[in-house]
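Here is how the chains run, residue by residue.
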Amino acid sequence: MACLKYREICKRYDNNTLAVTRFNLEVKDHEFLVLVGPSGCGKSTMLRMTAGLEEISEGELYIGDRMVNDIPAKERDMAMVFQNYALYPQMNVYDNMAFGLTLRKIPKQEITKRVNEVAEILDIVHLLKRKPKTLSGGQRQRVALGRAIVREPQVFLMDEPLSNLDAKLRVQMRMEISKLQKQLGTTTIYVTHDQIEAMTMGDRIVVMRNGIIQQVASPLELYRAPANLFVASFIGSPAMNFFDGELNEQNGTLLFQHEIIKVHIPDYQAKIIKIKDCINRKVILGVRPENIQIYTQPQEDTIAAGEIDLIENLGSEMYLYISGVDKKPVIARVDQDIKLGRGEKVYIAISPEFFHLFSQSTEENLLK
Ligand code: ADP
């Protein structure tokens with residue numbers, strides 16, 4: 001078991017690409033930490049530096065109290081699981097799982113015991129004699145996981161391990177990996193570009209963009225209190241609605257003014273100091289699709305009216321795409337039992353407790 005500390009880590013590749021900038025983080029013992037962000041944001045680079053497969057350009061990496069910058073990969077006691085499984089095609093499943101232990105000169109009896117135990121946990125005992133090419137993607141990924149688990153490492157490093165699986169299998173493996181990690185208690189760093197995977201698996205999530213950490217938080221905190229516009233737009237599906245406008249003061253209260261939408265910022269939110277600096281400045285109001293209320297008649301709290309452009313019906317819920325409020329359609333999530341049709345006029349309301357407000361210049365969340 002181990003905790004990891006990253007101090008001011010930077011990575012500059014030979015071609016001068018700055019892939020990671022000043023990465024500071026502590027990963028707790030037993031923690032399941034997810035690194036998430038769009039392609040090219042530096043996630044794999046971070047994981048590879050952690051594993052010792054890539055040199056750290058600047059900064060320090062500690063496992064426990066030991067600085068490991070110059071410790072070779074094989075001495076770091078970490079096991080990595082890759083997207084492409086990286087199994088040895090000529091070896092059967094048993095030998096694939098046993099190989100790393102044989103190299104470490106673990107006694108044969110112990111190897112047999114460990115491989116069989118882990119195969120049992122992963123439900124692949126019946127596959128032990130088969131070669132990788134005869135297995136399905138899900139089975140191969142289980143073998144790759146098994147190979148990492150039998151090593152009993154201090155840390156698991158997983159790089160998009162589910163990306164090659166179909167949607168249904170991904171959901172199943174997501175659950176299995178989460179359960180297994182809790183059962184084993186091994187500190188895990190998991191890289192994905194998929195925000196749903198991050199939200200469902202991580203104890204904490206690190207959101208990255210252009211090699212820079214944007215926010216480190218629990219899934220719920222990321223969702224409810226995103227640090228900035230990027231996190232707010234990256235986490236959540238469908239994405240948060242954003243309205244460009246200005247923040248003005250009127251008779252002692254703060255008012256968000258968009259071409260169509262005008263809403264008062266409640267006192268308890270207006271008291272947040274950061275907001276005062278943004279009076280008469282351009283800001284962005286953010287509202288998640290589930291926080292938009294839809295009515296067929298005007299209400300006291302109606303802030304805009306629009307027309308339903310498109311309805312996406314997912315069975316348990318519906319998404320309405322409403323035009324006429326903003327340049328892009330406003331997306332609202334509504335209950336399945338609301339009877340609405342395309343082209344219908346609807347009235348929109350938003351409760352102030354669900355407002356998110358961002359600065360247009362710095363993109364930071366002004367209500368956090
Ligand atoms: P992610 O895993 O988030 O998709 P990566 O860590 O693979 O991102 O890449 C981060 C940045 O570093 C990208 O701009 C990528 O092009 C660059 N990069 C990655 N590997 C190398 C390399 N070996 N040489 C030069 N640039 C690289």
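Residues numbered from 1 in each chain as written. Predicted model: local features only at pLDDT ≥ 70, side-chain atom pairs only at ≥ 80, totals over all residues. Heavy atoms only, no water.

A. Highlighting the sheet that holds strand 9 (residues 204-209). Read from one edge of the open sheet, 6 strands run 6-7-8-3-9-10, paired in mixed fashion. A strand with exactly one partner marks an edge of an open sheet, and here the two such strands are strand 6 (78-81) and strand 10 (212-217). Each strand of the sheet is rotated relative to its neighbour by a mean of 15°, with strand direction disregarded. Two elements, strand 9 and strand 10, share 5 bridges in a ladder whose sense is antiparallel. Counted as the bridge partner of Met208 is Ile213 from strand 10. Those strands touched by helix 4 (residues 137-150) are strand 6 and strand 7 (155-159), and its axis lies near 175° from that of strand 6. (Pairing = 2+ DSSP bridges. Helix = DSSP H or I, 4+ residues; strand = E, 2+ residues; numbered from the N terminus. Axes fitted to C-alpha atoms, helices over the stretch in contact; angles between N-to-C directions. Contact = heavy atoms within 4.5 Å.)

B. Spatial organisation of the domain arrangement of the protein. Along its sequence, the protein is organised into domain 1 (4-226) and domain 2 (241-359). Contacts between domain 1 and domain 2 engage 4 residues on the former and 4 residues on the latter. The largest contributions to the domain 1 side of the interface with domain 2 come from Tyr223, Arg224 and Pro226, which together make up 99% of the buried area. In this structure, the connection of domain 1 to domain 2 is made through 0 salt bridges. Here domain 1 and domain 2 share 2 residue pairs in polar contact (both at pLDDT 80 or more) between them. Looking at the side of domain 1 that touches domain 2 residue by residue, the class counts come to 3 nonpolar, no polar and 1 charged. (Domains from an automatic or database assignment. Buried area = accessible area lost by both parts, 1.4 Å probe. Salt bridge = Lys/Arg side-chain N within 4 Å of Asp/Glu carboxyl O. Polar contact = N/O pair within 3.5 Å; in protein donor to acceptor, adjacent residues only side chain to side chain. Nonpolar A, V, L, I, M, F, W, Y, C, P; charged D, E, K, R; others polar.)

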